[in-house]
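Survey of secondary and tertiary structure
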Amino acid sequence: MKKVLVTGADGFIGSHLTEELVRSGYKVKAFVYYNSFNITRQMIAVSIIIFCLEYLEKNQIKKYIAGVFFAMLFHYSAIVCISHIWIMKKNIMSTINTIIILCLTYILGLFIIPKLITSLPIVGHYSAYIMDAESSGSVTRILLNAFFIFIIISCNNKKVKSYLNLFFVGIIIYNLFAYSSAVGRLALYFTFAQLFLYANLNSTYIFNTYTLRSFSFIYATIYYFIMLNANSGEIVPYKIWE
């Protein structure tokens, strides 16, 4: 009997892999880190990817792929960042097509995708983990989509087009899988591109700096108070019990 070691065996991917290996006759040793700060590990993986983007800009593909595999040591989901190699080379679509796609994915994520996911046999006893109705965030999704449309209309610098591509893909993922906190978090590997867009406020956009900063401040303030009201991500860590 062949022996297999599975790391992260209590996660979604690792648990299904472990079950399949056992059914196939393997002797599996499961290595888990209980209560392992899942979102923290993913943020570490995201940070590594951000650091490695410099390799993509220099067309050092092998180094970038090595960085992705290193990030996967912290969170398996980092493998989606291999797609950055292709996404960052493509030209962003026209504004009209972009708006149409954003609207369609928002509608699909609101009414159709949740039903499709729950009907998949693989979901099984992980349905509570995959589907989280409280994570739909309709208002925050509308804000994010509107903010991206504002950016793509105002941007006139080809230097940041590749980051617009990443941001665009992240919003699509968020739109489609907002009801799934587990799947929707994949968007984090793409929406971090906002950091590079904000860093170029002065030189990248056709609107004056005051207008851009004012719009960004209003957007961030509204988003924060929505999160504060919902206590999303435990912004307010303390509760008063009556």
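Residues numbered from 1 in each chain as written. Predicted model: local features only at pLDDT ≥ 70, side-chain atom pairs only at ≥ 80, totals over all residues. Heavy atoms only, no water.

1. Observations regarding the environment of S94
Mapped onto the elements, S94 comes out in the loop between α4 (84-87) and α5 (95-111). The exposure class of S94 is partly exposed, given its relative accessible area of 38%. S94 sits 59 residues away from I153 along the chain, and the two C-alpha atoms are 9.6 Å apart. (Helix = DSSP H or I, 4+ residues; strand = E, 2+ residues; numbered from the N terminus. Buried < 20%, exposed > 50% of the residue type's maximum accessible area, 1.4 Å probe, protein only.)

2. Comments concerning the environment of P114
Structurally, P114 can be placed in helix α6 (residues 113-118). The spacing of P114 and L176 is 62 residues in sequence and 8.7 Å in space, taken between C-alpha atoms.

3. Re helix α9 (residues 161-176)
Taking 1.5 Å per residue, 16 residues should reach 22 Å; α9 reaches 23 Å between its end C-alpha atoms and fits that length. Most of α9 is tucked away: 14 of the 16 residues are buried. (Expected span 1.5 Å × (residues − 1).)

4. Focus: the pattern of salt bridges
Tallied over the full model, the rule gives two salt bridges. Of the charged contacts, one joins R23 and E20 as a salt bridge, the two residues approaching to 3.0 Å between their closest N and O atoms. Taken together, the positions of R23 and E20, both in helix α1 (residues 12-23) and three residues apart, correspond to about one turn of that helix. On the basis of relative accessibility, which here comes to 60%, the residue R23 falls in the exposed class. The exposure class assigned to E20 is partly exposed, which follows from its relative accessible area of 43%. (Salt bridge = Lys/Arg side-chain N within 4 Å of Asp/Glu carboxyl O.)

5. Looking at the packing of α5 against α9
At their nearest, the axes of α5 and α9 sit 7 Å apart, and the two run at 25 degrees to each other. By the criterion of interaxial angle, the relationship of α5 to α9 is roughly parallel. The residues of α9 that touch α5, namely those facing T98, I101, L102, T105, Y106, L108 and G109, are F168, I171, I172, N175 and L176. Grouping the constituent residues of the contact of α5 with α9 by class yields eight nonpolar, four polar and no charged. (Axes fitted to C-alpha atoms, helices over the stretch in contact; angles between N-to-C directions. Parallel < 35°, antiparallel > 145°, perpendicular 65-115°, else oblique. Contact = heavy atoms within 4.5 Å. Nonpolar A, V, L, I, M, F, W, Y, C, P; charged D, E, K, R; others polar.)

6. Section: helix α8 (residues 138-154)
For α8, built from 17 residues, the straight-helix expectation of 24 Å at 1.5 Å per residue is met to within 8% by its first-to-last C-alpha distance of 25 Å. If you check which residues of α8 are buried, you get T140, R141, L143, L144, N145, F147, F148, F150, I151, I152 and S154.

7. Topic: the side chain of H75
Tracing the backbone through its elements, the reader meets H75 in the loop between α3 (61-72) and α4. The class for H75 is buried, based on a relative accessible area of 13%. Side chain to side chain, H75 and S77 meet in a polar contact 2.6 Å long. (Polar contact = N/O pair within 3.5 Å; in protein donor to acceptor, adjacent residues only side chain to side chain.)

8. Observations regarding the state of the cysteines
According to the stated counting rule, one finds zero disulfides in the structure shown. Distance from the sulfur of C52, which forms no disulfide, to the nearest cysteine sulfur (C81) is 9.4 Å. When its relative accessible area of 4% is taken as the criterion, C52 is described as buried. (Disulfide = S-S within 2.5 Å.)

The values reported here are purely geometric and, on their own, carry no functional implication.
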